[in-house]
Amino acid sequence: MKTAPAPLAARSTQGSHITLTDGRSLVDGVAAWWTACHGYNHPHIRACAEDQLKRMPHVMFGGMVHEPALRLASRLSAMLPGDLERVFYTDSGSVAVEVAMKMAIQYRLNRGETNRTKLLSFRGGYHGDTLATMAICDPEEGMHHLFAGIMPSQYVVDLPRDNASTSAFEAFLNEHAHEITAIVVEPLVQGAGGMLFHDPAVLRRLRDAADRHGLLLILDEIFTGFGRTGTMFACEQADIVPDIITLSKALTGGTVALAATVARRHVYEAFLSDNPEHALMHGPTFMANPFACACANASLDLFETEPRLEQIAQINLLLREQLEPCRTLPGVKDVRVLGAIGVVEMEKIADPAALRTRFIEEGVWIRPFRNIVYLTPAFTITPDELSALTGAIHRVLSQGF
Ligand code: PMP
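Residues numbered from 1 in each chain as written. Predicted model: local features only at pLDDT ≥ 70, side-chain atom pairs only at ≥ 80, totals over all residues. Heavy atoms only, no water.

Colleague: Quick one: what's the story with the overall build of the protein chain, residue by residue and with numbers?
Modeller: The helix and strand tally for the protein chain stands at 13 helices and 16 strands. In terms of C-alpha radius of gyration, the protein chain reaches 21 Å, essentially the compact-globule figure of 21 Å for 401 residues. Judged by the C-alpha coordinates and their principal axes, the protein chain covers about 65 × 55 × 45 Å. Counting over 401 residues, the protein chain shows a buried share of 55%. Residue pairs at least 24 apart in sequence account for 71% of intrachain contacts in the protein chain once pairs closer than 6 positions are excluded. (Helix = DSSP H or I, 4+ residues; strand = E, 2+ residues; numbered from the N terminus. Rg over C-alpha atoms; globule rule 2.2 N^0.38 Å. Buried < 20%, exposed > 50% of the residue type's maximum accessible area, 1.4 Å probe, protein only. Contact = heavy atoms within 4.5 Å.)

See the structure below:
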């Protein structure tokens, strides 16, 4: 609080705009941390939310179920590849990943495999801020390094991207696979770790290694899920089916918190037992909140009725065309685009707060972090709004940040 610049006071949101209490309006390049995929305040989500609010905002999900949660689960399982069909609801991305980790550990315990309790994840990765998820993030991750030594220890290695890292990965697995229950990875894009992209072949390599070594593969699609990388789910581009997938962020179209951990049938079957202790040991109070599930169902309606994947393809073209000129600006290290994600990587941003302020002066809401300036707009953004964002990036970076 002592060092951060004062936050802006938001009054209302509409489409790709955030209006401040002082009357200024900013074009949003972040879509509320990658959640508001249909733009803010979409009338269909609002109508479904209002309707659910009148009937049943919440009811406990222990010993009781309800239509919004059941419908959402069957729709998710129909959309997801393979037999990813068992849905466990929580209320945030971090908790969804914690549940995936716990599921992978208890999967072994229920089968009498007591030595396979470790998780294997990758440098550059980010999976949440809770204690267990911090332990599978990149250990150098800016927000977490203070806790090194306190967090449970896990294995964090390099992604097998090329021959050398693939050999190192294989050697590591030969030595340690017997202690590991699952591999955890963000498919195609490591988001909060620096918007680092990798090829679908890397994911196929991980699926193959997991199969050979008897490991589960957990894909964290909290950022990439629901169209962000150009397909509904990033794993489709690698044509692989993970054993467990985590979803959140755009799940409710950015309206309200909800997350899901979805498992394949064989994972579920390890918990289906006459022994009550084999049940998954987790039960959050607001699990499957009906209001949140209704918003998520409304968001899925929009993916069916509005041309989201076409819009994403169009955004992709515009981002490529309009960010490419940044490549020759001073201090720019790389420009990359995937789906509706546009990234300008700088050598270094000396003062990210000053850079944010410059963007606000330009009438745009863009939140650089570390050495990354990025756009993850709503899929409904207009070409003019998108040009306002890319134009501001080019103008501001031209001034030498
Ligand atoms: N996994 C990924 C890939 C994420 O991007 C995030 C959030 N940035 C999380 C997990 C954690 O989600 P939450 O902030 O909702 O806890």
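Colleague: How would you summarise the packing of helix H3 (residues 67–79) against helix H10 (residues 290–305) if you had to cite specific residues and measurements?
Modeller: One way to put it is that H3 packs onto H10 with a least axis distance of 8 Å and a crossing angle of 40°. Taken together, H3 and H10 sit at an angle that is classed as oblique. The two elements H3 and H10 meet at a crossing, and its hand is left-handed. Two secondary-structure elements touch here, H3 through Pro-68, Ala-69, Arg-71, Leu-72, Arg-75, Leu-76 and Met-79 and H10 through Pro-290, Cys-293, Ala-294, Ala-296, Asn-297, Leu-300, Asp-301 and Glu-304. For the contact of H3 with H10, the residue count by class is 10 nonpolar, 1 polar and 4 charged. (Axes fitted to C-alpha atoms, helices over the stretch in contact; angles between N-to-C directions. Parallel < 35°, antiparallel > 145°, perpendicular 65-115°, else oblique. Left-handed = near helix turned anticlockwise from the far one by under 90°. Nonpolar A, V, L, I, M, F, W, Y, C, P; charged D, E, K, R; others polar.)

Colleague: With reference to specific residues and values, describe the site of the ligand.
Modeller: Taken together, Trp-34, Ser-92, Gly-93, Ser-94, Tyr-126, His-127, Gly-128, Glu-186, Asp-220, Ile-222, Phe-223 and Lys-249 form the complete shell of residues around the ligand. One of the backbone N or O atoms of Gly-93 is found 2.8 Å from an oxygen atom in the ligand. For the shell around the ligand, the per-class residue count stands at 4 nonpolar, 5 polar and 3 charged. (Near = heavy atom within 4 Å. Polar contact = N/O pair within 3.5 Å; in protein donor to acceptor, adjacent residues only side chain to side chain.)

Colleague: Tell me what's going on with the sheet that holds strand S16 (residues 372–375), and back it up with residues and numbers.
Modeller: On the basis of which strands lie adjacent, the open sheet formed by 3 strands has the order S13-S14-S16 and antiparallel pairing. Each edge of the sheet is formed by a strand with only one pairing partner; in this case those strands are strand S13 (332–338) and S16. Each neighbouring strand pair of the sheet contributes to a mean axis angle of 10°, computed without reference to strand direction. Where S13 lies against strand S14 (residues 341–346), 6 bridges are found, and the strand directions are antiparallel. Each residue of the ladder has a partner; that of Asp-334, found in S14, is Glu-345. (Pairing = 2+ DSSP bridges.)

Colleague: Run through the pairing of strand S5 (residues 118–122), naming residues and quoting values.
Modeller: The element S5 is largely enclosed, with a buried count of 4 among its 5 residues. Looking at chain direction, S5 and strand S6 (residues 155–157) are connected through 3 bridges and run parallel. Counterpart to Ser-121 in the pairing with S6 is Val-156.

Colleague: Can you explain the nonpolar core? Please cite residues and give values.
Modeller: The biggest cluster of nonpolar side chains holds 113 residues, and the ones touching the most others in it are Tyr-89, Met-195, Phe-226, Val-373 and Ile-393. Per-element tally for this core: the top contributor is helix H4 (residues 93–110), with 8 residues. Residue-level mapping places this core at the junction of two domains, with at least three residues from each of domain 1 (10–38 + 307–397) and domain 2 (45–305). Residues Leu-20, Leu-26, Ala-36 and Tyr-40 belong to the second largest nonpolar core, which totals 7 residues. (Core = buried A, V, L, I, M, F, W, Y, C linked by side-chain atoms within 4.5 Å. Domains from an automatic or database assignment.)

Colleague: Give a description of the domain arrangement of the protein chain that names residues and reports values.
Modeller: We note that the domain assignment places domain 1 (10–38 + 307–397) and domain 2 (45–305) within the protein chain. Between the C-alpha centres of domain 1 and domain 2 there is a distance of 27 Å. Domain 1 puts 26 residues into the contact, and the matching count from domain 2 is 28 residues. Both faces considered, domain 1 and domain 2 share a buried interface measuring about 2100 Å² in area, 67% of it formed by carbon and sulfur atoms. Counting the surface domain 1 buries against domain 2, the share from its top three residues, Trp-34, His-38 and Leu-338, is 30%. Across the domain 1-domain 2 interface, the total number found is 0 salt bridges. In this assembly, domain 1 and domain 2 are joined by 10 residue pairs in polar contact (both at pLDDT 80 or more). When contributions to the side of domain 1 that touches domain 2 are tallied by element, the ones reaching two or more residues are helix H1 (31–34), helix H11 (308–323), S13, S14 and S16. Split by residue class, the side of domain 1 that touches domain 2 holds 18 nonpolar, 5 polar and 3 charged. (Buried area = accessible area lost by both parts, 1.4 Å probe. Salt bridge = Lys/Arg side-chain N within 4 Å of Asp/Glu carboxyl O.)

Colleague: Account for the side chain of Asp-220, naming residues and giving values.
Modeller: Position of Asp-220 relative to the elements: it lies in strand S10 (residues 216–220). At 3.0 Å, the side chain of Asp-220 forms a polar contact with the backbone nitrogen of Ile-222. Of the polar contacts made by the side chain of Asp-220, one reaches the side chain of Thr-246; its length is 3.1 Å. The residues touching Asp-220, leaving out its near neighbours within four places in the chain, are Val-97, Tyr-126, His-127, Val-185, Glu-186, Pro-187 and Thr-246.

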